[in-house]
Structures are given as C-alpha cells and as structure tokens.
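Residue-level structure breakdown
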2 protein chains.
Amino acid sequence: MEYRKLKDQDQDESSAPQDLESLRVKPVDLTKWKLKSAVTIALTVFTSSQAILIVWSKRAGKYEYSVTTANFSVSTEADEATVYIKVEALKCAISLAALARIWSNEGVTEDNRLSAKLDEVIVYPIPAFLYLIKNLLQYYIFAYVDAPGYQILKNFNIISTGILYRIILKRKLSEIQWAAFIILCAGCTTAQLNPKSDSVLQTPFQGWVMAIVMALLSGFAGVYTEAIMKKRPARNINVQNFWMYVFGMAFNAVAILVQDFDAVMNKGFFHGYSFITVLMIFNHALSGIAVSMVMKYADNIVKVYSTSVAMLLTAVVSVFLFGFHLSLAFFLGSTVVSVAVYLHSIGKVR
Amino acid sequence: MEYRKLKDQDQDESSAPQDLESLRVKPVDLTKWKLKSAVTIALTVFTSSQAILIVWSKRAGKYEYSVTTANFSVSTEADEATVYIKVEALKCAISLAALARIWSNEGVTEDNRLSAKLDEVIVYPIPAFLYLIKNLLQYYIFAYVDAPGYQILKNFNIISTGILYRIILKRKLSEIQWAAFIILCAGCTTAQLNPKSDSVLQTPFQGWVMAIVMALLSGFAGVYTEAIMKKRPARNINVQNFWMYVFGMAFNAVAILVQDFDAVMNKGFFHGYSFITVLMIFNHALSGIAVSMVMKYADNIVKVYSTSVAMLLTAVVSVFLFGFHLSLAFFLGSTVVSVAVYLHSIGKVR
C-alpha cells in the first residue's frame, strides 16, 4: 500500500512541469510529511479524547468540572502517581510488543536491538526527572493560586517551549512564526477565560515565580526529549520509548514513596478502578506514545500546536456530548488560535 | 523647517551605500511617510482622549460607565444630534479658517478655491447620508441587544471595512495582513470582554442582521470618504473637509427634525452645557479632522488600527487617571492587537 502510494507519487511528479520547482516534492519528503501529519493528528485526537474521558468520568462522579481545566479525577497526589505508573508500564509493554513484531519481521539489527551502551541510556532519566520535579512543584503552587488560575498560568509552557526550542535546539522560527506563537499563547488563554479568571492577576510573586519555573522545567523536558529522539534518527523509536518509559516508571515509583506510600498500600494499588479509569489509562498511554512520535518525526512546536488545537476540539465535542455552552471568549480564542496555526504554516523560514 | 529636514535627508541619502536599495528612501516618500505617521498619531491621541473625556464626564455625573463602552453622555438621541451639529459646525469653521490662511499665504488657486462644480460636490452628501441611516438604525438595535453587547457587535466594523476596502477601492492586503486584520477584530473584542459579555451570543437573528447592516453602512461610508478624498490628490483637504462638514451639518439637522425637535427647542439648543461638554465638542471636531486627514494621506486600514490602539490606550491611561483595574481579557486582547499591528507592518504586499 505504502509502495503503491509512492509509485503514484512518482507518476504524478514526472507529469508535472519542470519549472514548478516549489511544487515538486521528493517521494521521501512526501512520506516524511505524511508521517508527520499522521502522528500530529494522532496526538491531537488522543489529547482531546483524554480530556473528554476526564470530563465524562467527573460527570459520572458528579465532580465540579470545566472542559478547559480537566485533570485526572483522582483524589490524592499518590493516587495520581499510581495511575501514571500504570500508564508508563502500559507504554513499556506496547513498545516491547511493537519491537517483538519488528524483530520477527526484520530480524534484530543494530538500530532495533534493545540492549544499549551506558552513554546512550544515560540521557533517558533526565526528562523523567524534570517531570518529577515539575509534578512535585505542582502541589506547592496551589498554595498561591487556585486550579483554574493554574490552568491559565500553564500557558506559559507555550512561550517557554518556544524560547528553549530556539536556544537549546538552535532551531529558527521566522518573525511570523514567533508572532504566531505569541498569539497562540494569548488565544489559548482567551479560550479558557471564565468570569473568575481575573483572580489570577492577584497571584502573589511566589506563585508567578513557581509558574515560570514549572513552565521552564516542562519546556526543557520537552526540548530535551526531542534532542534524545532525534540524536540517532535511524534508532528504532520503540527502543527509545522503552528506555524513556522504564525511567518514567522508576520516577513515578519514587513519587509514590515521597508522597503517600502508606495510603496507597492500605487502599491497594487498584483501589477505585472502573471501566472508564482503564479507558483513561489506555488513552494516556497512546497519547504518550504519540508525543514520542511527534518528538521524533516532527518537533516541540508541532506538539504545542497539536495540544492547543486538541483543547479547542475537546470543547467543541463537549457541546455535542455533554451539552456544554461555549463562551464568547472561547470563540475569540479559537479564532486567534486558528489564525496562529495558519500563520505558522505560511511563515516558514526560507 | 520642513525644508531643512528635507535637506538633511538628502545629505543622509547621498552618503548611504548605493547597493542598499531597500534602505534608500526618496525625500518625497519620507515626507509622505512623516505626514502619514503624524495624522495617524493625531487620530490615535484624539480618539483616545475623546473616550477619556467621556469617562471623566460620566464619572462627574455619577453615571454607570465602562472605559471600553464609552459614549457621549447625553440623555436623548436628539441631544446627541444637537451635539454633533455643533461638532460639524466647528469643523466647518476650522476648515474655513485654515483656508483663509492658505489663501493669504499662497493666493487662491484652482486646487484651494472653495467654489466647486456640481459634479465635484455631488458626492459629498453620500457619506453623511450613510452615517445618518446608521445612526438612526442604532436606536432600533437596542431593542435586540444591550449597550455593552452592541459595543461587542460594533467590532464587525473592522471586518466590513477590510472587505469593502478590498472590493470597492480594489486595494490589496497580503495574506499576512488579512490574518492580522482578523486577529485585530478578535483582539479588540477580547479586550472589551466583561463577565456579562456572553449575553451577546443570545442576540436574536434580527439583532445580528442589523449589526451586520450597520457595519456595512459604516464601512461603506468610510471607504467612500477615502475614495472622495483621494480622487483629486492635489485638491486642498480643507476644501474637501468644508463640503463634507456642510452636508454633515445638514444631515444632523434632519436627524433633529426626525427625532425630537420639540424637546430640543423647549430645552434650548445649549441646554445642559458645561466646560467638559465644550472640551468634548472641540475634541470631537479635532478627531473628525484627523479622520479626514488619515483618509487622504493614509487609508481606512490605518484608521481601523489607529482607533483600535486608541481604545487600548484609553484603558491604560484610565488606570492612572481613574484607578481603573485592567482585566486579564484586556491584557490578552492587547497582546493580540499588538501582534496584529506588527504583522500588518511586516506583511506588506510586495
């Protein structure tokens, strides 16, 4: 099938006039572009359905909810860590299963064998460690800002990712793409506005500092992951994912130990699980894998756009599923985000 | 002074390297650019101070007010028409005074003499007539939407001006400038959001239609004015203004007759005037003249950007003058408007 598509592409190309330089696309570029599009769409859909599952579960449990401020519906931090450790385990299992299939089809090669030298593996704990620190900080920031306010401040991630992508990965964005990135951040925040959002402006200084530090940690972890995934392009992504997720499991285990070990042990590791929780774990695992693929085949900027669009998609789907009402701020924010996506695509560095 | 500036410019130019084609600006272009900037800044400042005067007067009178929804602080439509007729009269007087000075300095020429043929004068009533219809409609739209909602809907003006500018004046905006124009509209609306803004989404169909018709009338009047002002570039602007304002006076007189003639005559033409009302009339007159100059030396697009920036400026100045609090929506909207201004400037059609 893939072969046929490539062949069609070749034929299309040979019939194209030779002077239309910009319209001619090499087959390998097209495959790359298709892969990039596919992983981006997958990430958008999984991220969006993740939020929808959360709203669904909270509705079932009659929790207070907001479509733009959805979070795992667990009651303690330790509960959250036990969920994430299962997500990491599932991602590990999926990576191993994919590898097993590849080994039986293609045989074991230098690029797809699981064993790795220390200098390859040594970088994998770093993103997991950064996320751990960020997640620990998350519980302290609530001393300074409420949950909806924190969701607003989380949009700093967009800006920090852009800046660190430029500084660390040394990748350039054009002037137009920078402008697009700034309005993407403003548009996402606008779409999340509610009548009480202004209270975030009263956040004390410590709250702002923590929000910025968390945005930098999260941005740095993202950029670092991209650097790892792209360092050896030929390395099989399932091997890279396997190592990433092994350390993800390890650091979530640390989080449980640090936080509320006794509570978890007393309640049992599978306390309070339902069909929807299992669905959520599968969805989290798949969207985690989609993130890895976006990091390898696209980049952090694409990831930010993808998750931003997912946020809007979630709200629109929730209108049909849950009868949500969309605010004027949501329409304005969506318009701005759409223009940002358009400007990013036309503003490529030449 | 102007001569000296031009001479300096000539010297600067001759010392510049010859290959820096893009950096070389012809003196006449620079004078044009300076004139364009000056009239744009004047319009921004006058529009902004106009809104500040309104807030000031409403504060004095203990009215309910909002910085982004300011309007003339008069109690009836007929009162408003009596204010505007005085504004038009003052603008007429200022144009005549300017002309008198020009005649005594330069003598009467074909371009600056006041008398005009019918085929020149016949176009001047049209914008005044369009504004009259729009102002009459304004009183009917309040059957469908409240005042803050109407302020939100008025942002359709931005889009209608862009579309009519393209269709009627056949002037092109680049893709980036269109994108900038859309986010300018979204950004202005965002900056005006308040916790009750969502009610505008419940506007009945007739309200939407009227808002769109009013936006088209207002956009058409603006574009038509630009066409008149630019049709004969050498024609002295004070002559053009004089004819425009004569018909402005005439149509406001019609508005008084149509609306509430008896009330105006009973109360007297200068009923309820204070120092601040006089200031407001002078400010309105000056900003009206600035609009004419922007139409002649710049264009409708510049006018829209200028009045949008003025709206933001008013809010920021009001923080210092009246201790206003700015909302998060205002910061987000301002960011988007600023990016729109930037994109418009870098997105010029080549």
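Throughout this document, residue positions are counted from 1 along each chain, in the order its sequence is written. Both sets of labels track the order of writing: A upward for chains, 1 upward for ligands. Local features in a predicted model are, by the rule used here, given only for residues with pLDDT of at least 70; side-chain atom pairs are given and counted only at 80 or more, and totals for whole chains, interfaces and linings are based on all residues. Hydrogens and water molecules were not included; the side-chain quantities draw on all heavy atoms of the structure.

Residue and element names in this part refer to chain A. Each reported salt bridge corresponds to a side-chain nitrogen of Lys or Arg within 4 Å of a carboxyl oxygen of Asp or Glu. Scanning all chains against the criterion turns up 14 salt bridges over all chains. Linking E110 and R113 is a salt bridge whose minimum nitrogen-to-oxygen distance equals 3.2 Å. Exposure is judged per residue with a 1.4 Å probe applied to protein chains only, and the accessible area is read against the type maximum: over 50% gives exposed, under 20% gives buried, and values in between give partly exposed. The class of E110 is partly exposed, set by a relative accessible area of 47%. A salt bridge links E226 to K230; its shortest N-O distance comes to 2.8 Å. Of this pair, E226 and K230 are both found in helix α9 (residues 205–231), four residues apart, which corresponds to roughly one turn of the helix. Helix and strand assignments come from DSSP, with helices taken as H or I runs of at least 4 residues and strands as E runs of at least 2, each series counted from the N terminus.

Another point: the interface of chain A and chain B. The contact criterion used is simple: two residues touch if any of their non-hydrogen atoms lie within 4.5 Å. In this assembly, 27 residues from chain A lie in contact with 27 residues from chain B. When chain A packs against chain B, close to 2100 Å² is buried across both sides, 84% of that on carbon and sulfur atoms. Throughout, the accessible surface (probe 1.4 Å) given up by two parts as they are put together, summed over both, is called the buried area. In terms of surface lost to chain B, no three residues of chain A exceed A:L201, A:L328 and A:L332, which account for 23% of the buried area on that side. Counting every contact that joins chain A to chain B gives zero salt bridges. It is helix α14 (residues 328–346) of chain A that contributes the most residues to the side of chain A that touches chain B, ten residues altogether. Basically, the charged four are Asp, Glu, Lys and Arg, the nonpolar ten are Ala, Val, Leu, Ile, Met, Phe, Trp, Tyr, Cys and Pro, and anything else, Gly included, counts as polar. Of the residues in the side of chain A that touches chain B, the class split is 20 nonpolar, five polar and two charged.

Let us look at the confidence of the model for chain A. All names here are of chain A. A score between 0 and 100, pLDDT records how confident the predictor is in each residue. When pLDDT is averaged along chain A, the result is 83, and 81% of the positions lie at 70 or above. Note that residues 1–22 has pLDDT below 50 and, in this model, 13 contacts with residues that lie over four places away or in other chains. Taken together, the stretch residues 61–75 has pLDDT below 50 and engages in 36 contacts with residues farther than four places along the chain or on a different chain.

Only residues with pLDDT of at least 70 in both copies contribute their C-alpha atoms to the least-squares superposition of the copies. By a simple turn and slide, chain A fits onto chain B: the slide is 0.0 Å along the axis, the RMSD is 0.0 Å, and the turn is 180 degrees. The superposition of one copy onto the other is thereby described by a two-fold rotation axis. Among all residues of chain A, the one whose C-alpha sits closest to the rotation axis is A:P195, at a distance of 2.4 Å. A symmetric contact is evident, with 100% of the interface residues of chain A recurring at the interface of chain B.

Next up on the list: helix α13 (residues 300–322) of chain A. Residues and elements named next belong to chain A. Expected helix span is taken as 1.5 Å per residue step, with the number of steps being one fewer than the number of residues. Its 23 residues place the ends of α13 32 Å apart at the C-alpha level, agreeing with the 33 Å of an ideal helix rising 1.5 Å per residue. Whenever two N or O atoms come within 3.5 Å, that pair is a polar contact, provided that in protein one can donate a hydrogen and the other can accept it, and provided that, for residues adjacent in sequence, both atoms are side-chain atoms. Its side-chain oxygen placed 3.0 Å from the backbone nitrogen of I301, D299 serves as the N-cap of α13. Of the residues one or two after α13, G323 is the one with positive phi, at around 70 degrees.

For the rest of this paragraph, the subject is the UniProt feature "transmembrane region" (unreviewed entry) in chain A. UniProt positions are given in the numbering used here, feature names are shortened, and annotations may be inferred rather than shown by experiment. Within the UniProt annotation, "transmembrane region" (unreviewed entry) is assigned to residues 121–142, 148–169, 176–193, 205–229, 241–258, 270–292, 304–322 and 328–347 of chain A. Secondary structure over residues 328–347 of chain A splits into 95% helix and 0% strand, and the C-alpha atoms at its two ends are 28 Å apart.

Turning our eyes to something else, we now look at the packing of helix α8 (residues 175–191) of chain A against helix α14 (residues 328–346) of chain B. Across the interface, α8(A) lies against α14(B) with an axial gap of 9 Å and an inter-helix angle of 160 degrees. Taken together, α8(A) and α14(B) sit at an angle that is classed as roughly antiparallel. The chirality of how α8(A) crosses α14(B) is left-handed. For the pair α8(A) and α14(B), contact is made by A:E175, A:I176, A:A179, A:I182, A:I183, A:A186, A:T189 and A:T190 and by B:L332, B:T335, B:V336, B:V339, B:Y342, B:L343 and B:I346, respectively. Residue classes in the contact of α8(A) with α14(B) are distributed as eleven nonpolar, three polar and one charged. Helix axes are fitted only over the stretch in contact, all axes being lines through C-alpha atoms; the angle between N-to-C directions runs from 0 to 180 degrees. Should an angle fall under 35 degrees it is taken as roughly parallel, and over 145 as roughly antiparallel, whereas 65 to 115 is taken as roughly perpendicular and any remaining angle as oblique. Helix crossings are classified by the rotation of the near helix relative to the far one: an anticlockwise turn of less than a right angle makes the crossing left-handed, while a clockwise turn makes it right-handed.

Tracing the sequence through the fold places B:S287 in helix α12 (residues 275–297). Judged by relative accessible area, which is 6%, B:S287 ranks as buried.

Okay, unusual backbone geometry next. All names here are of chain A. Even without being glycine, K170 reaches a positive phi, approximately 55 degrees. With respect to the helices and strands, the residue K170 is situated in the loop between α7 (156–168) and α8. You can call K170 exposed: its relative accessible area is 62%.

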